[in-house]
Amino acid sequence: MLEPPPPPPPPPPRRLVVVSNRLPLVLTRDADGRLVGRPSGGGLVTALLPVLRDRGGVWIGWPGIVDHDDEVKAALVGAAETAGYRLAPVALSAQDEAGFYFGFSNEVLWPLFHDLQSLCNFDPAYWRSYCDANHKYAQVVVAETAADDFIWVHDYHLLPLASELRRAGVTAPVAFFLHTPFPPLDIYLKLPWRFALLRALLDYDLIGFQTLRDQRNFTQCLRALLREVRLTNRAGMAHLPDGRDVRIGAFPIGIDANAFQRQASSPTVQAAVDAMHAELPNRELILGVDRLDYTKGIPLRLEAFRTTLRRHPELQKRITLIQVVVPSRDDIPEYRDLKTRIEQLVGEINGEFTRPGGRWVPIHYIYRALDRLDLIAYYRAARIALVTPLKDGMNLVAKEFCACSVDEDGVLILSEFAGAAAQLQHGALLVNPYDLEGTADAIYRACNMPQSERQARMRVLRRAVSRQDVFRWVNSFLEAAIASDLDAFPLPDDYLPSAEAETAYWQTEFAE
Ligand code: ADP
Ligand code: F6P
């Protein structure tokens, strides 16, 4: 009998082209007009950097400077030589920065997608600027890509990019991943451009969300607003009237857990941790690390810490909160007001509890970006991480803390409203950030938790974080992008908490 012919070899992998609002470095000019670069902040860059380093490819985005010239291009070519992938800049003007970045992206979509519609500024000029800027990104993508590339667009700044690319004749597959939450229908409906944006999203071939919650919100909007779209495969596929199919899925993003763990175990970090403990002896360190953002729940967290100290005076002098805040979007009034509010609260709380001559200061407030090793040293030195966003797509800080807790005795207090809660609910102490007393109770419980429980919980967390790392996220996303059948989605059960597992937590809560 003849042997069956061998299967055809798999097609060569496509080159990865990542498009995001920002490049991984921000260029500015110093007082002498010289260009200086610093790493970009935020979860998107933390997650994608190891992916591009691993796979190579092209990263297209804005270098954060508006006076764009040949010097900027040359600086990026230089940076790319050491990075191992190409950096292609999008030139934005000062008007684009105001209307597209600060305006539509961060005064409309950012608050709306985090359920904070009262903070939205629905200025029609912002919408026009958003469309113009997306057109500029598309022009760079067209110039930089070929038909056999895989184009992967990221985040809310670039929702209409696929439409622009299709209009320009791009035929390569174009996929999208939203790093933020997607809001429920009744909130999404507030958006004056709700139809245009939903339709634009359907020009992608694959749309990925952080959690099933976001995927469900999105498909509910499709059902309600675009009746011509038919959803099948448990709402994992949208069939369009023109015959096209769009895949929809949830892909919880991860971190490069091995790298964090390795660095947390390094002698440099160990020395920094020892120095911190020597400076603050006999102290439980509680850590908050966030970009300055009203979605992160920093004022409520400070209030909850104050409540803890008031309700449990025996913890005074025993615990110190280290709150690290990285500056962000400081041209937007809400962000400036938030900074003032945080500074006021830190002052009030330190004023309430600090005693003359005493060496205990309840809150240490750090307002700057930290070097990676310094940040890791804080993660490792802290006994408790307080990660209490009002709403968050994922929240990588929670995962980074677990990966760095190499002694396996840290306690993660995590907001129910962080995307990470779906995966980390079994090891973390989940809290409602609006519930000051509940959060204070969780802090108290964490301070008094026996070592055996801390270790058992942290082992569960570390296992989840290292199994569901950023490389698995990329692989699962790219495999879903090429799978011919959505039922062949290569997501094992432990990767994505099922809808039942996601809701089980709430059912237990409500049953109490
Ligand atoms: P977001 O993307 O909204 O900022 P994430 O928690 O997902 O929120 O990601 C924040 C990222 O920024 C993490 O990778 C974290 O390590 C980094 N980061 C946060 N604060 C600082 C800081 N002060 N210095 C350096 N990096 C920081
Ligand atoms: O999804 C979070 C996010 O908006 C990312 O897109 C970005 O990397 C990060 O926050 C930082 O924000 P910005 O680029 O506005 O400084």
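Residues numbered from 1 in each chain as written. Chains lettered and ligands numbered in written order. Predicted model: local features only at pLDDT ≥ 70, side-chain atom pairs only at ≥ 80, totals over all residues. Heavy atoms only, no water.

Some details on the packing of aromatic side chains
Link 1 in the chain: The full count for this structure, using the stated rule, is 24 aromatic pairs.
Link 2 in the chain: Counting every residue linked through ring pairs, the aromatic cluster contains Phe 100, Phe 104, Trp 127, Tyr 130, Tyr 137 and Trp 193.
Link 3 in the chain: Positioned above the aromatic ring of Trp 110 is the side chain of Arg 329, whose terminal nitrogen or guanidinium carbon lies 4.3 Å from the ring centre.
Link 4 in the chain: Lying over the aromatic face of Phe 260, Arg 372 brings its terminal NZ or CZ to 4.0 Å of the ring centre. (Phe/Tyr/Trp six-rings, centres within 6.5 Å; stacked < 30°, edge-to-face > 60°. Lys NZ or Arg CZ within 6 Å of the ring centre and 35° of its normal.)

Side note on the site of ligand 1
Link 1 in the chain: Taken together, the neighbourhood of ligand 1 is formed by 17 residues, with Gly 43, Thr 46, Arg 291, Leu 370 and Glu 400 sitting nearest.
Link 2 in the chain: The side chain of Thr 46 places a nitrogen or oxygen atom 2.7 Å from an oxygen atom of ligand 1.
Link 3 in the chain: Residue Glu 400 places a side-chain N or O atom 2.5 Å away from an oxygen atom belonging to ligand 1.
Link 4 in the chain: Protein chains shield 88% of the accessible area of ligand 1, which is 570 Å² for the free molecule.
Link 5 in the chain: Broken down by secondary-structure element, the contributors of at least two residues to the shell around ligand 1 are helix H1 (43–55), strand S12 (284–291), strand S13 (319–326), helix H13 (372–381) and helix H14 (396–404).
Link 6 in the chain: Considered class by class, the residues forming the shell around ligand 1 number nine nonpolar, four polar and four charged.
Link 7 in the chain: When residues of the shell around ligand 1 are assigned to domains, at least three map to each of domain 1 (16–250) and domain 2 (257–467). (Near = heavy atom within 4 Å. Polar contact = N/O pair within 3.5 Å; in protein donor to acceptor, adjacent residues only side chain to side chain. Areas by Shrake-Rupley, 256 points an atom, 1.4 Å probe, with all protein chains shown as cover. Helix = DSSP H or I, 4+ residues; strand = E, 2+ residues; numbered from the N terminus. Nonpolar A, V, L, I, M, F, W, Y, C, P; charged D, E, K, R; others polar. Domains from an automatic or database assignment.)

Here's the deal with the pairing of S12
Link 1 in the chain: Across the eight residues that make up S12, a large majority, eight, are buried.
Link 2 in the chain: The side-chain alternation of S12 yields two buried faces, one formed by Glu 284, Ile 286, Gly 288 and Asp 290 and the other by Leu 285, Leu 287, Val 289 and Arg 291.
Link 3 in the chain: Sheet analysis places S12 next to S13, joined by eight bridges and oriented parallel. If you follow Asp 290 over to S13, its bridge partner there is Val 325.
Link 4 in the chain: Where S12 lies against strand S15 (residues 384–387), two bridges are found, and the strand directions are parallel. (Buried < 20%, exposed > 50% of the residue type's maximum accessible area, 1.4 Å probe, protein only. Pairing = 2+ DSSP bridges.)

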